[in-house]
Every structure is written in structure tokens, then in C-alpha cells.
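Geometric and topological summary
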Amino acid sequence: MGRFTRGFSGRGQKERDLRLPPGQYDTGDRWPVLTAEVTPRVDTATWSFTVDGLVAKPATWSWDEIHALPASTFAGDIHCVTTWSKLGVNFGGVSIDTLLGAAGVQPSATHVLARSSTGYTTNLPLADVTGDKAWVAWEYEGKPLPVEHGGPARLLVPHLYFWKSAKWVSGLQLLDHDEPGFWERNGYHDRGDPWLEQRYQGD
Ligand SMILES: Nc1nc2c(c(=O)[nH]1)N[C@H]1C(S)=C(S)[C@@H](COP(=O)(O)O)O[C@H]1N2
Ligand SMILES: [Mo]
């Protein structure tokens, strides 16, 4: 163990620290579970995902149909408003761009309201779910997404606080205005950028 050992106190740790937004800590291998509702049992045989609202034509995919779309992956970091961040995670699924492209977004659309089969909702600016930075994800580290983390499929918007990443996601509604979701009605920020520490309304 000499002075060139690259341990958690060395250069590797500094590189990890730079990836932490203000006020966040590195949760390491742990992945905390945060769920407001009872964890549902979602059957992939009856699972569906719908894009509706201000679209040319509402579109719905079954589990098999959404898997037939071009696959897309994310590798990077996730940040929860309760101050944990998890670095270097890998998800697989489909880009929201692909889903919105199929439904055809009307020019008047500015925001989306994501919904879960449990009734959970969260609002996002349209610009935060387009441009290959948001996914419907069903794989974590190459394996099926665990049910407690939103499996069979969750929304993944890793550049915003993780409450925007609705677990057991069932659809996106396109809107011409912002409409607060579950946590946003309870005081959390409408956008939730971790680098700007947009935790609560007014931040
Ligand atoms: N349906 C649903 N989605 C949800 C939540 C929830 O309670 N219900 N919690 C949110 C919050 S606050 C966080 S931090 C993440 C937690 O995801 P995890 O349990 O996989 O870590 O999911 C988000 N998506
Ligand atoms: Mo959270």
C-alpha cells in the first residue's frame, strides 16, 4: 500500500466527487427505494404505455410492441432530492423521442405530465424529455428492472432529481401548460435540476 495506491481517498474519489451536485452524497453500491404508494404488481401481459394529449394521434404500446422499437441505453448518474446520488448506473429501454415521434407532438405542446399505473404523477417541461435525455427503462445493469425500482418499466430522466423518474410509468400526456404532479403539489419544484438545487417550489 504505497502512496500511489488509487483508493477511495485518492484520485478516483475526487473524480466521483466532481460528479456530485451540491448537497448530494455518494451512495456507492446502495440503491435506496423511495415509494409513496404500495408497490404494485404489474403484469407485462396486460402492461401498456400511452402517449396522449396534444399529439397528432394518441399511441399505445403493449410490452411486446415497445420492445420492438429501437433500443436505447443510458449510462451515467442519478440524483435523489433526499441527497443521495448513485454514480455510474446503466439502464436500457426506449428513448422518449421515439415514443413522441410515433404519436406526433402538436406544436402547442410545452409540458408533459407523466403518470403511473398507481396514480403517481410528475410534470416535466417537454424540453426535458426530448433530445435523448429521457427514457422508458425496463433494464438495469442488463437485467429486468426490479419491481421496487419501478419494474417492469419506469420513466428515467437522469438529469433531473429522481422523483421525476416515475416508477411503474404508464403514460405521458402532452400539455400546453405546466400542471403539477404528486410531489410538485406537495411543495417540490416544477423542474428539479439537481445542479441548480431546485428542490422546492421557489428554489
Ligand atoms: N410511482 C412512483 N414513482 C416514483 C416515486 C413514487 O413514490 N412512486 N418516488 C420518486 C422518488 S421521490 C424517487 S427518489 C425515485 C426513487 O426511485 P427508486 O426507489 O428506484 O430509488 O422514484 C420516483 N418515482
Ligand atoms: Mo426522491
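Structure first, text after, so check above.
Residues numbered from 1 in each chain as written. Chains lettered and ligands numbered in written order. Predicted model: local features only at pLDDT ≥ 70, side-chain atom pairs only at ≥ 80, totals over all residues. Heavy atoms only, no water.

Focus: the site of ligand 1
- The environment of ligand 1 is formed by 22 residues, the closest being Pro32, Ala36, His149, Arg154 and Lys167.
- One of the side-chain N or O atoms of Lys167 is found 2.6 Å from an oxygen atom in ligand 1.
- Burial of ligand 1 by the protein chains amounts to 98% of its free accessible area of 530 Å².
- For ligand 1, the cavity whose grid points lie within 2 Å of the majority of its atoms is the largest pocket.
- Tallied by class, the residues present in the shell around ligand 1 amount to 13 nonpolar, five polar and four charged. (Near = heavy atom within 4 Å. Polar contact = N/O pair within 3.5 Å; in protein donor to acceptor, adjacent residues only side chain to side chain. Areas by Shrake-Rupley, 256 points an atom, 1.4 Å probe, with all protein chains shown as cover. 1 Å grid on protein atoms, 1.4 Å probe; cavity = no way out; pocket = protein on both sides within 12 Å on 5 of 7 lines; lining within 4 Å. Sits in = over half its atoms within 2 Å of the grid points. Nonpolar A, V, L, I, M, F, W, Y, C, P; charged D, E, K, R; others polar.)

A word on the layout of surface pockets
- When its volume is computed, the largest pocket comes out at roughly 360 Å³.
- Residues that form the lining of the largest pocket fall into these classes: 15 nonpolar, five polar and three charged. (Points joined across faces, edges and corners; volume = space filled by probe spheres on them.)

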